[in-house]
Structure formats: structure tokens, C-alpha cells
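Listed here are the chains, written in short residue letters.
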Amino acid sequence: MKITMAHGSGGKATSELISDIFSRNFSNPILSRMEDSAVVPGAQTIAMTTDSFVVTPVFFPGGDIGRLSVCGTVNDLLMSGSEPKYLTCGFIIEEGADSADLERIAASMAETAREAGVCIVAGDTKVIEGKGGVCINTSGVGFVPQGRNISSANCELGDAVLLSGYLGEHHAAILSSRMGIENQIQSDCAPLGEIVGALFQNGIHVKAMRDVTRGGLATVLNEFASASHCRIELNEEDIPVSEPVKGFCGILGLDPLYMGNEGKLIAVVAKEDAEKAAQVMRSAKYGANAAVIGGVVEGEAGTLCVKTPIGGTRIVSELYGEGLPRIC
Ligand code: MG
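For every chain, the first residue of its written sequence is number 1, and the numbers climb from 1 along that sequence. A pLDDT threshold of at least 70 governs which residues receive local features in this predicted model, and a stricter bar of 80 or more applies before side-chain atom pairs are shown or counted, although totals over entire chains, interfaces and linings include all residues. Here the side-chain values reflect all heavy atoms present in the structure, with hydrogen atoms and water set aside.

1. Notes on the sheet that holds strand 11 (residues 291–297)
Strand pairing is assigned whenever DSSP detects at least two bridges linking the two strands. Helix and strand labels come from DSSP, where a helix needs a run of H or I of at least four residues and a strand needs a run of E of at least two; each type is numbered from the N terminus. The sheet built from seven strands is open, its strands ordered 8-10-7-11-9-12-13 with mixed pairing. The outermost strands of the open sheet, each flanked by one partner alone, are strand 8 (206–211) and strand 13 (313–315). Sheet twist, expressed as the average angle between the axes of neighbouring strands with direction ignored, equals 25°. Bridging between strand 8 and strand 10 (residues 265–269) involves five bridges; their strand directions are antiparallel. What sits directly across from Asp211, in strand 10, is Leu265. Any pair of residues with heavy atoms lying within 4.5 Å of one another is described as a contacting pair. All axes here are fitted lines through C-alpha atoms, helices being fitted over the stretch that makes contact, and every angle between N-to-C directions spans 0 to 180 degrees. Across the face of the sheet, helix 5 (residues 193–201) comes into contact with strand 8 and strand 10 while running at roughly 180° to strand 8. Its contacts with the sheet put helix 8 (residues 274–282) on strand 7 (160–163), strand 10 and strand 11, and the angle it makes with strand 7 is roughly 10°.

2. Some points on the packing of helix 2 (residues 65–79) against helix 3 (residues 99–116)
When two helices pack together, their arrangement is given by the angle between the helix axes and the distance between those axes. For the pair helix 2 and helix 3, the least separation of the axes is 7 Å and the interaxial angle reads 30°. Classed by the angle they form, the pair helix 2 and helix 3 counts as roughly parallel. Of the two elements, helix 2 crosses helix 3, and the hand of that crossing is right-handed. Residues Ile65, Gly66, Arg67, Ser69, Val70, Cys71 and Val74 of helix 2 form the contact with helix 3, whose own contacting residues are Ile105, Ser108, Met109, Thr112, Ala113, Glu115 and Ala116. Basically, the charged four are Asp, Glu, Lys and Arg, the nonpolar ten are Ala, Val, Leu, Ile, Met, Phe, Trp, Tyr, Cys and Pro, and anything else, Gly included, counts as polar. Across the contact of helix 2 with helix 3, the residue classes tally to eight nonpolar, four polar and two charged. Oblique is the label for any angle not under 35 degrees, not over 145, and not in the 65 to 115 range, which are roughly parallel, roughly antiparallel and roughly perpendicular in turn. For any pair of crossing helices, the crossing counts as left-handed if the nearer helix is rotated counterclockwise from the farther one by less than a right angle, and right-handed if it is rotated clockwise.

3. Points about the packing of aromatic side chains
Geometry of aromatic contacts follows a simple scheme: Phe, Tyr and Trp rings, the Trp one being its six-membered ring, pair when their centres are within 6.5 Å, and the pair is stacked under 30 degrees between planes, edge-to-face over 60, tilted otherwise. Across all of its chains, the model carries three aromatic pairs by this definition. Ring centres of Phe22 and Phe26 lie 6.2 Å apart, and the angle between their planes is 35°; this geometry places the pair in the tilted category. Here Phe22 and its partner Phe26 are both found in helix 1 (residues 12–26), four residues apart, which amounts to about one turn of the helix. In this structure, Phe22 and Phe26 share a single accessibility class: buried. Ring centres 4.2 Å apart and planes at 35° place the aromatic pair Phe22 and Phe91 in the tilted group. In this pair, Phe22 is assigned in helix 1 and Phe91 in strand 4 (residues 83–94), connecting sequence segments 69 residues apart. Each residue is assigned to one of three classes by its accessible area relative to the maximum for its type, calculated with a 1.4 Å probe on protein chains only: buried under 20%, partly exposed between the two thresholds, exposed over 50%. By relative accessible area, which is 6% here, Phe22 ends up buried. Of the aromatic side chains, those joined through ring pairs into one cluster are Phe22, Phe26 and Phe91.

4. As for the environment of Ala225
Position of Ala225 among the secondary structure elements: in helix 6 (residues 216–227). What makes Ala225 buried here is its relative accessible area of 0%. Here Ala225 is in contact with Cys230, Ile232, Gly302 and Thr303, once residues within four sequence places are set aside.

5. Looking at the sheet that holds strand 4
Read across the open sheet, the four strands follow the order 1-6-4-5; overall the sheet is mixed. Taken across any chain shown, the strands that pair with only one partner, and hence form the sheet edges, are strand 1 (46–53) and strand 5 (119–128). The sheet shows a mean angle of 15° between the axes of neighbouring strands, taken without regard to direction. Bridging between strand 4 and strand 6 (residues 134–143) involves ten bridges; their strand directions are antiparallel. Bridged to Ile93 within strand 6 is Val134. Its contacts with the sheet place helix 1 against strand 4 and strand 5, and it is angled at close to 150° to strand 4. Against the sheet, helix 3 touches strand 4, strand 5 and strand 6, its axis set at about 15° to strand 6.

6. A closer look at the nonpolar core
Residues belong to a common nonpolar core when they are buried Ala, Val, Leu, Ile, Met, Phe, Trp, Tyr or Cys residues joined through side-chain atoms within 4.5 Å. Phe26, Phe91, Leu217, Ile232 and Leu234 are the most contacted members of the largest nonpolar core, which totals 94 residues. Of the residues forming this core, the biggest block, seven residues, is contributed by helix 2. Look past the residues within four positions of Leu234 in its chain and what remains in contact with it is Val161, Leu217, Leu221, Ile239, Ile293, Gly294, Leu304, Cys305, Val306 and Lys307. In this structure, Tyr86, Val121, Val141 and Phe143 belong to the second largest nonpolar core, which totals five residues.

7. Quick word on the pattern of salt bridges
Each reported salt bridge corresponds to a side-chain nitrogen of Lys or Arg within 4 Å of a carboxyl oxygen of Asp or Glu. Evaluation of the coordinates by the stated rule reveals 15 salt bridges. Lys207 is the partner of Asp159 in a salt bridge, and the nearest nitrogen-oxygen pair spans 2.9 Å. Remark: Lys207 occurs in strand 8 and Asp159 occurs in the loop between strand 6 and strand 7; sequence separation between them is 48 residues. Lys207 shares its class with Asp159; the two are buried.

8. A look at a nonpolar patch on the surface
Residues form patches when they are more than 30% accessible in relative terms and have no salt bridge. Like charges link within 9 Å. Nonpolar side chains (Val, Leu, Ile, Met, Phe, Trp, Tyr) link within 5 Å. To measure how exposed things are, a 1.4 Å probe is used in the Shrake-Rupley method; for residues, cover is taken only from the protein chains shown. Taken together, Met179, Ile181, Ile251 and Leu252 make up a surface patch of nonpolar side chains, about 380 Å² in accessible area. As for its placement among the helices and strands, Leu252 is situated in helix 7 (residues 243–252).

9. As for the side chain of Arg67
Structurally, Arg67 is set in helix 2. For Arg67, the contacting residues outside a window of four places in its chain are Ser108, Thr112, Glu115, Cys189, Ala190, Pro191 and Tyr286.

10. Considering the coordination of the magnesium ion
Any nitrogen, oxygen or sulfur atom within 2.8 Å of a metal ion counts as a donor, with the limit raised to 3.2 Å for Na, K and Ca, and since water is left out, coordination shells can look unfinished. Every protein donor of the magnesium ion is listed here as Asp76 (OD) and Asp211 (OD), and their distances to the metal cover 2.1 Å. Residue Asp76 is located in helix 2, and its partner Asp211 is located in strand 8; the two are separated by 135 residues in the primary sequence.

Structure representation (C-alpha cells):
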């Protein structure tokens, strides 16, 4: 079935679209009340975030816009040290979209929400003129345990910088898909709750965390260096990049430090916890290739540098200008 403007009218076609595709996939006691807003139990301190997803194509190797829209918001909640609890979702559907695609996207969102341990408690659909595309907004609420203090401004001299796995996979998968390049590269799109939970459960002193999305690792770490008024130094040979992505970057002249990811995080931890943190990450789902990649060093505040294998050091700035459009 093709979506028509009638599905956005607010009448019978709209309620059929919602009940056939969205409520059926997302079914839970809170959503099923179908009130104007969801009323849920809370916590003393909450984290809130929102993100819109416009990725093209909507289905790509390793994921789809539905999985991405849950992972993106869940991961942002996790990065503030909160435990993700509730999501809302808004669908902007263009006339001509296929209901079978919407079904696939909704099922993928529901599955990812289950995996991440969050409940989709409210939603909205709108239909607009267009060419059959779909965009999704998700907002999320997480509960912040008492005493937790995670901030990009917390990095201190001597701290270690860890990366949870291979760089560049999402970026390379989207670009390969658009360019019709056949390879083995899959998006890393994943919820990072198990890695984050394991760090806290094992008593790692985590100071700053960020998921490495648009703008890449270089942009995240420049932001940390600025916010914490420190210098961060990375060892190039310790930064994990898979062989297929290395090859892909070589051919297209891309730098993995600037490539977008959807299932990787950076954690800055106290120096004495570095090796234990790496082990804890490696034993968690989606953290198998985690590594200590550098640390906070003496030097000019607000800068990021990379030590090359032959002993040189280069300054790495944040991403300027346009990255890859519609990557998330
Ligand atoms: Mg983020």
C-alpha cells in the first residue's frame, strides 16, 4: 500500500496507519492508553535529548533509519551517565512511501528499543507532499543516578582516552551504498548501554563520554580539549580501524578521524583505570575492539594532536565545512 495524503488527515486512514503499523509494533501498556501524553514514573534527576533522522538510503548495510533513530537518542542519553528509560517518536512521511517499508522500519525500532531496554511511550505521524521519503524524530528521557558527574569539561592531565571499537564503519557503509560500491562494510549502528553499564558496574572513574557521530573522533576530542582547557594526544597506531575501512579510505582519500559512526563511544577515564576500562569494554557487546588510544598531556590548552608511527606529531582540528550530508 502506498501512503497518501489521506493517511495524514487525522481521520480513519490515519488511525488505521497508526494501529496497523506503529501501535502494533510498539505495543506496551503506557502507549496503549492512547492518551494525549504519556504519564510515567520518574526520578529526581533526568536527562532529556532529541534528535531527527534523515538518513538516505533508509535501509543500509548493517541497519536502517528505525534502528538508527533509537540508537542515536539512547546513546546520547547514555553519554550523560543516565539510564535511558522512555522514548517518543515522530514520523514525517512523504506521500508515496510504501507501507511495507514503514512496517519494516517500525519493527526494527521496536526490536532495537527492546535491546536497549527503553519503552516507546508516545508517537506522532504526519504525511506531507513529496517523493516517498521518511524522516523520524525521537526524544528520550533517562534517569541520572545520584552523584554521577559526566562532562566534557572534566578531563584532567594524565587521564586516558579510550575508543570502544573500529572507526568509520557507518560513514563508509552509507557512502558505499549511495555510490553503488560493493564491499563487506556494515554500519556499526548499535545501542551502547552494555558498554556504559559495565564501566560503571566495575567502578571505573569515567570523567567524560561522547558517542562518536557526525564530525568524527577529531571533532569530539577537540570539543573535550576546549571544554576542559587541556591538550589531548592520540597514538595513531593505537586507533582501531578495520582493514576494509582502511582500504575504502585509501581509495577515496577519506580520514577515519572525521568519519561518522553510530555505535562507538569515547570515554575519558582516570589514568589508573585505563587498562581495566579497556578490558571491561572489550567484554561488553559492541566493545570487542576497544582500545586505549591516547591521553591528556601537558601542552597548549584546547588542542588535539596525533603522534604518528614514525615519531612525528600533527595537530588535528575539528571538522570544517561539510561532512557527508544525510548520514544520520
Ligand atoms: Mg551524541
